[in-house]
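Residue strings, one per chain:
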Amino acid sequence: MATDSPLTYPCSLTLDVPFPDARLANVALQALRVDKELSALVQRELSAVDSTLKVQYKATTNRMLRVAVNSFFDSLALVLEVMEQLDVDAIEARKTQEKTG
């Protein structure tokens with residue numbers, strides 16, 4: 001006899017991704033939150049606190065956690081690359097920072 005027991009998520013990971021400022025952390029948050037997790041075996045929560053993107057993952061197995069986090073890092077790498085190429089404010093801030101320090 002099958003039971004409809006709720007899923008448990010014993011595997012978890014919390015990531016804090018620092019950004020140069022709060023605006024860029026929020027841009028990353030907005031870009032990444034549109035992609036929902038494809039599996040009900042994984043839960044993800046995204047938030048931006050000051051200049052840090054906070055990511056919390058919960059999964060039913062280590063394998064599902066690894067797959068989800070790998071996919072997230074691929075998406076994050078793309079967001080960072082686009083920011084670096086197209087965000088004029090970030091580029092100017094980086095040039096100023098390189099000159100002064």
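In this report, the structure presented in the accompanying data block is examined.

Criteria and cut-off values
- Residues numbered from 1 in each chain as written.
- Predicted model: local features only at pLDDT ≥ 70, side-chain atom pairs only at ≥ 80, totals over all residues.
- Heavy atoms only, no water.
- Pairing = 2+ DSSP bridges.
- Helix = DSSP H or I, 4+ residues; strand = E, 2+ residues; numbered from the N terminus.
- Axes fitted to C-alpha atoms, helices over the stretch in contact; angles between N-to-C directions.
- Contact = heavy atoms within 4.5 Å.
- Salt bridge = Lys/Arg side-chain N within 4 Å of Asp/Glu carboxyl O.
- Buried < 20%, exposed > 50% of the residue type's maximum accessible area, 1.4 Å probe, protein only.

**Some words on the sheet that holds strand β3 (residues 52-59)**
Step number 1: Across the sheet, three strands lie side by side as β1-β3-β2; this open sheet has antiparallel pairing. Looking at strand neighbours, the two that pair on one side only are β1 (11-18) and β2 (42-49), the edges of this open sheet. The mean inter-strand angle of the sheet, taken between neighbouring strand axes irrespective of direction, is 15°.

**Considerations on the environment of M83**
Step number 1: By secondary structure assignment, the location of M83 is in helix α2 (residues 62-86).
Step number 2: Residues M83 and A28, spaced 55 residues apart in sequence, show a C-alpha to C-alpha distance of 8.7 Å.
Step number 3: Setting aside anything within four residues of it in sequence, one finds M83 in contact with F19, L24, V27 and A28.

**Quick look at the pattern of salt bridges**
Step number 1: With the rule as written, the count across this model stands at two salt bridges.
Step number 2: Residue D16 pairs with K54 through a salt bridge whose shortest N-O separation is 3.2 Å. Within this pair, whereas D16 is found in strand β1, its partner K54 is found in strand β3, the two being separated by 38 residues in sequence.
Step number 3: Take D16: its relative accessible area is 49%, and that puts it in the partly exposed class.
Step number 4: You can call K54 partly exposed: its relative accessible area is 27%.
Step number 5: Notably, a salt bridge pairs R44 with E37, separated by 3.5 Å at the nearest N-O pair.

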